[in-house]
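Notes for the structure review
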Amino acid sequence: MKYIMCAAMGAALSGLALTAHADGERVEGWSGEGALSAGMTSGNTDTRDIGLNFDVDHITGKWDYGIQGQVDYGEQDGLESRNRAFLGMNIDYTISDNVFSFARGSYEVDQFTGFDSRAFVGGGLGYRFLGLDPVTWVVRGGPGVKIDEVKRVVTVDSLGAPVVRPAETVTSAGLVGKSKFAWALNERVELSNITDVLYAEESTQISNGLALTAQINGSLSARFGFDTRYDTNPPDGYETTDTATKIGVVYKFGAH
């Protein structure tokens, strides 16, 4: 466990992420943030855990190349109780000051859900709301393909006989949507809310992250956040909702 914490801290201090001026001006080059957090979760697991997330962007001309990642690990009574990893990549192309197109891919592994993995590939259009200073707001959405690797599940019927649902791969048309909202309350404090929706026939995932970030000094900030993840159709024996309350340290790089 101590080795995971050290690795996460090191990665957090070298993480990067997307930044943009409130008036809509986009700064070329690399920028970003990495965050190391600790907190409590409820839902499929009730644990104390640590988490690392990062968001890296490189803007050049009309192109924006981004990569996002998140790792959550927890233990309960000395046993692993949470182990989730997420990786997402996007390529955005600016059409006008407000409108952009994008291609998007993501992959998720979570040992404590009813899915071995989930993947999505798609694209669409996005819109930047400009002139809302001190608010920044970007939305995007479009179609794609979602691949769910469903775990083998064994349950018991009313007579006590085992019922086996075999592992399967479900591929279906899907839709992706995202809203990224930030409100600068003053020069040092920001309220943000990020909502992701991934719709498909097998299940629809909705996640929301609400956070209050306060600058400590220079590139270092403190963050208090509340995350909610909802699945419309989890396999038998799994909860529909996971929540996480997190307190973390954020390191920012680039123009911000």
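Residues numbered from 1 in each chain as written. Predicted model: local features only at pLDDT ≥ 70, side-chain atom pairs only at ≥ 80, totals over all residues. Heavy atoms only, no water.

The name given to the protein in an unreviewed UniProt entry is DUF481 domain-containing protein, and the organism recorded there is Hyphomonas adhaerens MHS-3.

1. A closer look at the packing of aromatic side chains
Taken as a whole, this structure holds 5 aromatic pairs when the rule is applied. On the basis of an interplanar angle of 15° and a centroid distance of 6.3 Å, the ring pair of Trp 63 and Tyr 65 is categorised as stacked. Taking the relative accessible area as the measure of exposure, Trp 63 reaches 36% and is therefore partly exposed. Aromatic pair Trp 137 and Phe 181: ring centres 6.3 Å apart, planes at 80°, arrangement edge-to-face. A residue pair is termed long-range when its members are at least 10 positions apart, and Trp 137 in strand β7 (residues 135–150) and Phe 181 in strand β10 (residues 168–184) qualify at 44 residues. For Phe 181, a relative accessible area of 28% gives the class partly exposed. Three or more aromatic residues joined by ring pairs make a cluster, and in this case those are Tyr 127, Phe 129, Trp 137 and Phe 181. Directly above the aromatic system of Phe 115 lies the positively charged group of Arg 118, at a separation of 3.8 Å from the ring centroid. For the cation-ring pair, Arg 140 lies above Phe 102, with the distance from its terminal atom to the ring centre recorded as 5.0 Å. (Phe/Tyr/Trp six-rings, centres within 6.5 Å; stacked < 30°, edge-to-face > 60°. Buried < 20%, exposed > 50% of the residue type's maximum accessible area, 1.4 Å probe, protein only. Helix = DSSP H or I, 4+ residues; strand = E, 2+ residues; numbered from the N terminus. Lys NZ or Arg CZ within 6 Å of the ring centre and 35° of its normal.)

2. So, a nonpolar patch on the surface
Together, Leu 175, Val 197, Tyr 199, Ile 206 and Tyr 230 give the surface a local cluster of nonpolar side chains, amounting to about 420 Å² of exposed area. With respect to the secondary-structure elements, Leu 175 resides in strand β10. A residue is classified by how much of its surface remains accessible, and Leu 175, at 46% relative accessible area, is partly exposed. (Patch = residues over 30% accessible without salt bridge, like charges linked within 9 Å, V, L, I, M, F, W, Y side chains within 5 Å. Areas by Shrake-Rupley, 256 points an atom, 1.4 Å probe, with all protein chains shown as cover. Salt bridge = Lys/Arg side-chain N within 4 Å of Asp/Glu carboxyl O.)

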